[in-house]
Amino acid sequence: MKQKKITSLLICLLAISPLWAQDSAPALVSGPMVGYTEMREAMLWVQTNGPADVYFEYSDTVGVTYRTPVFSTRSPEAFIAHLVADQVQPGKTYTYDVYVNGEKVALPYPTRFKTPPLWQFRTDPPAMHIAAGSCVYVNDPRYDRPGKPYGGEYEIFEALAKMQPDMMLWLGDNIYYREADWYSRTGMIHRNTHTRAIKEMQPLLATTANYAIWDDHDYGPNDSDKTYRDKVRAREMFALFWGNPSYGLPGEGGITTTFEWGDAQFFLTDDRYFRDANNRKTGEPRKMLGDSQMDWLKNALVGSINTFKIVCVGGQVLNPVPDFETMAAISPTERQELMDFIFAEGIQNVIFLTGDRHHSEMSFIEKDGIKVYDFTISPLTSGVANYPDEANALRVPGSYVGVRNFGFIDISGPRLARKVAFTLYDSKGKNLWKYEVNAQYPKK
């Protein structure tokens, strides 16, 4: 029975292997991918098309080469390897190669990663070039609904990679589980593998740090909540296919985590694992983030010593329209609690990065001199949903976009005069709009 299961998975992986991988003996299904990068280590990820011994070699500009330990990929983990490059120094760029069964895999694109600089007490904070997007649907006709394909314009990932971001923030719905995937480990592995394997995505994965949150479609069924039967398995799959620095609050489950780069702290939140049912009408007010995560987020925002607090959430936070899965619709009490807290504590430079809506826009609110932004970036390759007349009174005029797109957040300038540029691009890399703001600082 075990041999049959391994053979079945091998056939599945071979069937969806990208063409560039099938030409070489040590074949890859997807990757390599750069996961988290810290000043003294970086996570490197790869998926092979069968059992294999895998390691990475990496080198800096001086030419000194280092090697990770060897890891044997296995069927139970979908032949995936997570390996840590732990001989790195802050603020350097490293090139790397992946070896499978002792053979170097030839790839038709660069492979590199960059470590965050050690700037504190030394220099001005570094410039940051941060990419973001959400909603990745890759067509799979055998399991898709009949009719017009929902996904397309996969070249968006190539346009994104050409801009050489320091990191890519995947803002949820990074895959779309189908009905056949929801209730089995086999289905979840297939869906993650199928999406991750498309050739257009590989250069982006291989050349920048990748961080992710989930929303409903890469968690479970549409609009799913904390009652989803297989949410623990979904978390296992998420951790298997991504390379975040950690997953969930201690003892709480979920995928919540945080990391820093330059003078920004990023808060990767979980809007599904603790969520009440969207349509529940009785009992206490519905929760989207849940009590424990909300308490963690509030304390983490207050405790952050970084100029910018960038909060990644699957669904829109600022949009006040109580429709679809905006926070105003799902948990208006939590939304009000969080906004009241930010203003009462005087927390400056909070930026929400959100997805889900299948259109993009910028929302903005200011109270008592504290400015808060919500940059919604959606979709990357899934279908577009146009609601240009939605009564979002907080929408920045001219920021609504109803095509497939991706965004950048560029932070630059000296320590006490930092600036942020929000830019949106279409699938070809054409600039759609740009919106610039100055950082806020405490009054002397």
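A. Representation of the nonpolar core in the model. Core analysis: the biggest nonpolar cluster contains 77 residues, and L169 and W170 have the highest contact counts within it. Apart from residues no more than four positions distant in its own chain, W170 is found in contact with G133, V136, F157, M201, L204, L205, N210, Y211, A212, I213, W242 and L380.

B. The arrangement of the pattern of salt bridges in detail. Applying the stated criterion across every chain, the model contains 27 salt bridges. Look at the salt bridges and you will find they share partners, linking D215, D271, R272, R275 and E325 into a network.

C. Main features of the packing of aromatic side chains. All chains considered together, the criterion is met by 33 aromatic pairs. Ring plane angle 45 degrees and centroid distance 6.4 Å describe the contact between F238 and W242, whose orientation is recorded as tilted. Taking the centre distance of 5.9 Å and the plane angle of 35 degrees together, the rings of Y373 and F422 count as tilted. Residue Y373 is located in strand β18 (residues 370-376), and its partner F422 is located in strand β20 (residues 419-426); the two are separated by 49 residues in the primary sequence. Neither residue differs from the other here; Y373 and F422 are each classed as buried. Grouped by ring-pair contacts, the aromatic residues F157, W170, W182, Y183, W214, Y219, Y228, F238, W242 and Y247 constitute a single cluster.

D. Local environment of the side chain of D230. Summarising the element assignment, D230 is placed in the loop between β12 (209-213) and α6 (231-241). By relative accessible area, which is 7% here, D230 ends up buried. When residues no more than four places from it in sequence are discounted, the contact partners of D230 are W182, Y183, S184 and M188.

E. Spatial organisation of the sheet that holds strand β17 (residues 361-367). An order of β13-β14-β15-β16-β18-β17 is seen for the six strands of this open sheet, with the pairing classed as mixed. Among the strands making up the open sheet, the edge pair consists of β13 (257-261) and β17. Shown here is a sheet whose adjacent strand axes are inclined to one another by a mean of 20 degrees, direction ignored. Two elements, strand β15 (residues 308-313) and strand β16 (residues 350-354), share five bridges in a ladder whose sense is parallel. Within β16, the position partnered with V313 by the bridge is T354. Across the face of the sheet, helix α7 (residues 291-303) comes into contact with β13, β14 (264-268) and β15 while running at roughly 180 degrees to β14.

F. Molecular detail of the pairing of strand β11 (residues 167-171). When you tally the buried positions in β11, you get five out of five residues, the bulk of the element. Side chains of β11 alternate between two faces, with M167, L169 and L171 and M168 and W170 buried alike. Taken together, the four bridges between strand β10 (residues 128-133) and β11 define a ladder with parallel strand orientation. Across the sheet, the residue bridging to G133 is W170, located in β11. As a crossover connection, the stretch from β10 through helix α3 (residues 156-162) into β11 is right-handed. Two strands pair when backbone bridges link them, and β11 and β12 are joined in this way by five bridges, in the parallel orientation. Note on β12: the bridge partner recorded for M168 is N210.

G. Spotlight on the pairing of β12. Burial analysis of β12 places five of its five residues in the buried class, which makes it a mostly covered element. Covered by surrounding structure in β12 are A209, Y211 and I213 together with N210 and A212, the residues of both alternating faces.

H. How the structure looks around helix α9 (residues 332-345). Over its 14 residues, α9 runs 20 Å from end to end, which matches the ideal 20 Å to within 8%, given 1.5 Å per residue. On the buried face of α9, the contacting elements are α7, α8 (327-330), β16, β17 and β18.

I. Main features of the packing of α7 against α9. Across the interface, α7 lies against α9 with an axial gap of 11 Å and an inter-helix angle of 20 degrees. On the basis of their axis angle, the class for α7 and α9 is roughly parallel. The chirality of how α7 crosses α9 is right-handed. Every residue of α9 that contacts α7 at M294, L297, K298, L301 and V302 is listed here: E334, E337, L338, F341 and E345.

J. Structural detail: unusual backbone geometry. Residue P32 follows G31 across a cis peptide bond; omega there is 10 degrees. Take P32: it is sitting in strand β1 (residues 28-37). The omega angle of the peptide bond from S378 to P379 is -5 degrees, so this bond is cis rather than trans. Residue position: P379 is located in the loop between β18 and β19 (405-412). Although it is not a glycine, D368 adopts a positive phi angle of roughly 55 degrees. Within the fold, D368 resides in the loop between β17 and β18.

K. Inspection of the packing of helix α4 (residues 185-196) against α6 at higher detail. The interhelical angle for the contact between α4 and α6, taken along N-to-C directions, is 30 degrees, at an axis separation of 10 Å. Overall, the two elements α4 and α6 adopt an arrangement that is roughly parallel. For α4 against α6, the interelement crossing comes out right-handed. Side by side, α4 and α6 meet where R185, M188, I189, N192, T193 and R196 of the first sit next to R233, A234, E236, M237 and F241 of the second.

L. The arrangement of the side chain of D216 in detail. Position of D216 among the secondary structure elements: in the loop between β12 and α6. Not counting chain neighbours up to four residues away, the residues in contact with D216 comprise D173, P221, N222, D223, S224, R272 and E325.

The rules we used
Residues numbered from 1 in each chain as written. Predicted model: local features only at pLDDT ≥ 70, side-chain atom pairs only at ≥ 80, totals over all residues. Heavy atoms only, no water. Core = buried A, V, L, I, M, F, W, Y, C linked by side-chain atoms within 4.5 Å. Buried < 20%, exposed > 50% of the residue type's maximum accessible area, 1.4 Å probe, protein only. Contact = heavy atoms within 4.5 Å. Salt bridge = Lys/Arg side-chain N within 4 Å of Asp/Glu carboxyl O. Phe/Tyr/Trp six-rings, centres within 6.5 Å; stacked < 30°, edge-to-face > 60°. Helix = DSSP H or I, 4+ residues; strand = E, 2+ residues; numbered from the N terminus. Pairing = 2+ DSSP bridges. Axes fitted to C-alpha atoms, helices over the stretch in contact; angles between N-to-C directions. Right-handed = clockwise from strand over helix to strand, strands pointing away. Expected span 1.5 Å × (residues − 1). Parallel < 35°, antiparallel > 145°, perpendicular 65-115°, else oblique. Left-handed = near helix turned anticlockwise from the far one by under 90°.

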